[in-house]
Amino acid sequence: MKKKRWLFSLMFISVVMLLSGCDSKLMVLDPKGPVAKTQSNTIIFSILMMALVLIVVYVLYIFMLTKYRASKTPDDYEPPHMEGSKWLEFIWTAIPIIIVAILSVVTVRTTYAVEKVPAGYEDQKPLVIYAASSNWKWHFSYPEEGIETVNYVNIPTNRPVEFRLYSYGPISSFWVPQLGGQKYAMSDMITKLNLVAEHEGSYMGKNSNFSGKGFAQMEFEVLAQSPADYMKWVKEVQQTAPKLTEQEFNTVLHTDFVGRKSYSSTHLSFSPAPMDMSDMNMSEHGHGGDNSKDSKESGTDSADHMKNMGDMKDMNDHSSMEQGH
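Predicted model only: the values in this text are computed from it and were never measured. (Residues numbered from 1 in each chain as written. Predicted model: local features only at pLDDT ≥ 70, side-chain atom pairs only at ≥ 80, totals over all residues. Heavy atoms only, no water.)

Thoughts on the packing of helix α2 (residues 34-67) against helix α3 (residues 86-115)
Argument step 1. The N-to-C vectors of α2 and α3 enclose an angle of 170°; their axes lie 10 Å apart at closest approach. With respect to each other, α2 and α3 are oriented roughly antiparallel. Between α2 and α3, the contacting residues are Val35, Thr38, Gln39, Thr42, Phe45, Ser46, Met49 and Val53 on the first element and Ile99, Ile102, Leu103, Val106, Thr110 and Val114 on the second.
Argument step 2. Among the residues making up the contact of α2 with α3, the classes are represented as 9 nonpolar, 5 polar and no charged. (Axes fitted to C-alpha atoms, helices over the stretch in contact; angles between N-to-C directions. Helix = DSSP H or I, 4+ residues; strand = E, 2+ residues; numbered from the N terminus. Parallel < 35°, antiparallel > 145°, perpendicular 65-115°, else oblique. Contact = heavy atoms within 4.5 Å. Nonpolar A, V, L, I, M, F, W, Y, C, P; charged D, E, K, R; others polar.)

As structure tokens, this is what we get:
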């Protein structure tokens, strides 16, 4: 018995020392923007609720063990027959229902809150960035600035950023833990993620969805800069980076691993993003004479995008056949 106790103590100390050697913080609990702050508060609230439940259970457990332990009763003690207590049954049924209801309300409110532009930033025009994933990299297109980057993205602080996500390969998940939660990027539709960085700094982004052998290398840097520094960087890229040609884009697209790249034009002109279903629904219910024209242009863009999807699929199938042989 003594040996087991020492072994357990040694294992506990080893785990503590191992964890103390990790110098990385829990990034989801170190928010640098309002979206991440909302999610962090929800996580902490849920942890405290569950901790309260555990504390009550352990206190009652110790109380029952102490109060009704066998050593306190005579040898011939026989417990009385009890039919049960309706009040106790009601209480231990109602309490879990209340706890689940509270957590459900908080979670639903948080989910709706993080889908919108963060409170206090509704009046600002968001910076639109198309974030496209491919095997095994991220492409960031800035349509307003006319620039594009690979495996890194710069954003201004205190301005809403609308990431429009899609994929040139398998489903991936765009996640910047210190700025907000993850959202999936898929091949035939756009999903939107609204984020704001309130502090300057470098934040890690990654693909949090297992999508194949190279998904672990799908990390990128998010650099939050002051508005002045951001505009300075944009002008520098516009003046010094090469143009992104269709040939160069296809080369990058079909190369598994590439470093950081910058271009003074985007791929959206010759390889457009898929149709935005939310905008499409609005145009269907809207009143305007250009809807048919927009639909035709969207159809052409979608066809071009599907062609790229087919090229990526053929490439993946060919790669799989080579590995099979």
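Anyway, onward from the coordinates.
Here we look at the nonpolar core
Argument step 1. Residues Ile129, Phe140, Val153, Ile155, Phe163 and Phe174 are the most contacted members of the largest nonpolar core, which totals 33 residues.
Argument step 2. Every element with two or more residues in this core is listed here: β1 (127-134), β2 (137-142), β4 (152-156), β5 (161-167), β8 (191-195), β10 (219-225) and α4 (227-240).
Argument step 3. With 4 residues, α4 is the single largest residue contributor to this core.
Argument step 4. Among residues more than four places away in sequence, those in contact with Phe174 are Ala131, Trp138, Phe140, Phe163, Leu165, Gly181, Gln182, Lys183, Leu193, Lys206 and Phe220.
Argument step 5. Formed by 14 residues, the second largest nonpolar core is a distinct cluster that contains Ala132, Tyr166, Leu268 and Ala273. (Core = buried A, V, L, I, M, F, W, Y, C linked by side-chain atoms within 4.5 Å. Buried < 20%, exposed > 50% of the residue type's maximum accessible area, 1.4 Å probe, protein only.)

Some thoughts on α2
Argument step 1. The terminal C-alpha atoms of α2, which comprises 34 residues, lie 49 Å apart, in line with the 50 Å expected from a rise of 1.5 Å per residue.
Argument step 2. When α2 is considered as a whole, its buried residues turn out to be Pro34, Val35, Ala36, Ser40, Thr42, Ser46 and Met49.
Argument step 3. Looking at the buried side of α2, the elements it contacts are α3 and β8. (Expected span 1.5 Å × (residues − 1).)

Overview of the pattern of salt bridges
Argument step 1. Taken as a whole, this structure holds 5 salt bridges when the rule is applied.
Argument step 2. The closest approach of N and O atoms between Arg159 and Glu144, which form a salt bridge, is 3.9 Å. Highlighted residues: Arg159 in the loop between β4 and β5 and Glu144 in the loop between β2 and β3 (147-150), separated in sequence by 15 residues. (Salt bridge = Lys/Arg side-chain N within 4 Å of Asp/Glu carboxyl O.)

Quick notes on the packing of aromatic side chains
Argument step 1. Summed over all chains, the structure comprises 15 aromatic pairs.
Argument step 2. Between the aromatic rings of Phe210 and Phe215, the centroid separation amounts to 5.0 Å while the plane-to-plane angle is 75°, which identifies the pairing as edge-to-face.
Argument step 3. A residue is classified by how much of its surface remains accessible, and Phe210, at 62% relative accessible area, is exposed.
Argument step 4. Taken together through their ring pairs, the aromatic side chains of Tyr130, Tyr166, Tyr168, Phe249 and Phe270 make up a single cluster.
Argument step 5. Taking the ring centre of Tyr152 as reference, the NZ or CZ of Arg260 above it sits at 4.2 Å. (Phe/Tyr/Trp six-rings, centres within 6.5 Å; stacked < 30°, edge-to-face > 60°. Lys NZ or Arg CZ within 6 Å of the ring centre and 35° of its normal.)

Overview of the sheet that holds β1
Argument step 1. In spatial order, the strands read β8-β5-β1-β2-β3-β11; together these 6 strands make up an open sheet with mixed pairing. The strands lining the two open edges of the sheet, one partner per strand, are β8 and β11 (261-263). For this sheet, the mean angle separating the axes of adjacent strands, direction not counted, is 20°.
Argument step 2. One ladder, built from 5 bridges, connects β1 with β2; its direction is antiparallel. What sits directly across from Tyr130, in β2, is Ser141. (Pairing = 2+ DSSP bridges.)

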